[in-house]
Amino acid sequence: MQKQQSGNMFFNILLIIMFVIIGVLIYILAGGPVPRLGRTGGVQSPTNMEIPSTTPGRVISDNTGEFSDGLTNPDFIKTYPLDEFGAGVSERAVFDVDINSDGRIDRITRTRNENGTDHFYYEYKIELNQNGEYVDITPDGFRTTEGAECSLQKLQFVFRPEFRVIKISRDWSETWTTPTMARRTVYTMYNDGLTASAPTDLKVICNVVDLF
């Protein structure tokens with residue numbers, strides 16, 4: 001009798017294990033969550049996840065391989081006619097996004113300025129929504145410096161895991177294509193303002209875009 005009971009218990013345990021295995025297989029085949037692989041071949045983590053294109057703030061170049069400033073899908077955009085010399089504001093785009101995670105929609109404005117040559121530039125304005133009033137918190141010099149072959153200053157907006165702006169710039173010397181030391185400055189939110197880190201030397205280069 002004891003042997004029969006032991007045999008029945010073993011048989012029941014075996015059935016339970018089989019049901020668990022079958023359940024797991026059905027779950028996987030039905031589309032259960034599977035770890036996504038990042039670009040480096042490991043499991044995708046918050047530091048290497050690609051931010052969806054519907055959200056401003058991609059920290060990589062866009063799908064064309066061109067540099068992206070991290071601002072995508074503007075909520076408002078308008079183009080303007082240039083003067084007879086091809087100079088003036090050519091485009092203004094507004095991006096509505098909660099910068100400081102307070103539940104209120106803030107505003108980033110990007111303006112493209114032309115001067116009739118290849119040396120156009122983008123100017124940025126950052127405004128916090130404080131009880132319905134937009135307050136300008138833009139640091140000085142928040143603009144690009146664009147050359148025909150080399151950019152001397154670029155900015156990139158990052159929104160995850162927290163808002164920050166990366167600026168990489170270098171000094172002009174002799175010609176637009178003469179390489180100089182590039183420096184990286186990171187702006188982060190602090191007390192409803194943007195605080196700059198100490199500039200960090202990167203390398204001597206012509207086009208600062210190559211350092212993002």
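Novice: Describe the confidence of the model for the protein, listing the residues and the values that go with them.
Specialist: Per-residue pLDDT for the protein averages 81, and the proportion of residues at 70 or more is 74%. The low-confidence segment residues 31-64 (pLDDT under 50) makes 50 contacts with residues lying over four places distant or belonging to another chain.

Novice: Give a description of the sheet that holds strand E5 (residues 133-136) that names residues and reports values.
Specialist: Strands sit in the order E1-E2-E3-E4-E5 across an open sheet of 5 strands; the sheet is antiparallel. This sheet does not close on itself; its edge strands, each paired only once, are strand E1 (76-79) and E5. Strand-to-strand, the axes of this sheet are offset by a mean angle of 20°, without reference to chain direction. Relative to strand E2 (residues 87-97), E1 runs antiparallel, the two being bridged by 4 bridges. Residue pairing across strands places lysine 78 opposite arginine 92, the latter belonging to E2.

Novice: I'd love a proper account of the nonpolar core, names of residues and values included.
Specialist: In terms of nonpolar packing, the biggest core is built from 20 residues, with Ile108, Ile126, Phe142, Phe157 and Phe163 touching the most fellow members. Of all the secondary-structure elements, those providing two or more residues to this core are E2, strand E4 (121-130) and strand E7 (151-158). Top element by residues in this core is E4. It accounts for 4 residues. Those residues in contact with isoleucine 126, other than ones at most four positions away along the chain, are Ile99, Arg107, Ile108, Val135, Asp136, Ile137, Thr138, Phe142, Phe157, Phe163 and Leu194. Ile166, Ala182, Val186 and Ile205 belong to the second-largest nonpolar core, a separate cluster that totals 7 residues.

Novice: Give me the pairing of strand E9 (residues 180-190): which residues, what numbers.
Specialist: Pairing geometry for strand E8 (residues 164-170) and E9, over 7 bridges, is antiparallel. Paired with valine 165 across the bridge in E9 is tyrosine 187. Alignment of E9 against strand E10 (residues 193-196), held across 4 bridges, turns out to be antiparallel. The partner of tyrosine 187 across the bridge, within E10, is alanine 196. Where E9 folds back onto E10 in an antiparallel hairpin, the turn is made up of 2 residues, including asparagine 191, whose phi is positive at roughly 50°.

Novice: Which residues make up the packing of aromatic side chains, and what values go with them?
Specialist: The way to describe two aromatic rings as a pair is by their centre distance and the angle between their planes. Tallied over the entire structure, the rule returns 7 aromatic pairs. Considering the side-chain rings of tyrosine 124 and phenylalanine 157, the 5.1 Å spacing of their centres and the 50° angle between planes classify their relative orientation as tilted. Separated by 33 residues along the polypeptide, tyrosine 124 in strand E4 and phenylalanine 157 in strand E7 bring together distant segments of the chain. Of the two residues, tyrosine 124 and phenylalanine 157, neither departs from the other in class, the shared state being buried. The aromatic ring of tyrosine 134 is capped on one face by arginine 107, whose charged end is 3.8 Å from the ring centroid. Here the guanidinium or amino end of arginine 110 rests over the ring plane of tyrosine 122, the centre of that ring lying 5.7 Å away.

Novice: Go over the pattern of salt bridges, please, and point to the residues and values.
Specialist: Scanning all chains against the criterion turns up 7 salt bridges. Note that arginine 104 is salt-bridged to aspartate 102, the shortest N-O span being 3.2 Å. On the accessibility criterion, arginine 104 (33% relative accessible area) is partly exposed. In this structure, glutamate 114 and arginine 112 form a salt bridge, with 2.5 Å as the shortest nitrogen-oxygen distance. Salt bridges here are not isolated pairs; linked through shared partners, they connect Arg107, Lys125 and Glu127.

Reading the values: rules and limits
- Residues numbered from 1 in each chain as written.
- Predicted model: local features only at pLDDT ≥ 70, side-chain atom pairs only at ≥ 80, totals over all residues.
- Heavy atoms only, no water.
- pLDDT = per-residue confidence, 0-100.
- Contact = heavy atoms within 4.5 Å.
- Pairing = 2+ DSSP bridges.
- Helix = DSSP H or I, 4+ residues; strand = E, 2+ residues; numbered from the N terminus.
- Axes fitted to C-alpha atoms, helices over the stretch in contact; angles between N-to-C directions.
- Core = buried A, V, L, I, M, F, W, Y, C linked by side-chain atoms within 4.5 Å.
- Buried < 20%, exposed > 50% of the residue type's maximum accessible area, 1.4 Å probe, protein only.
- Phe/Tyr/Trp six-rings, centres within 6.5 Å; stacked < 30°, edge-to-face > 60°.
- Lys NZ or Arg CZ within 6 Å of the ring centre and 35° of its normal.
- Salt bridge = Lys/Arg side-chain N within 4 Å of Asp/Glu carboxyl O.

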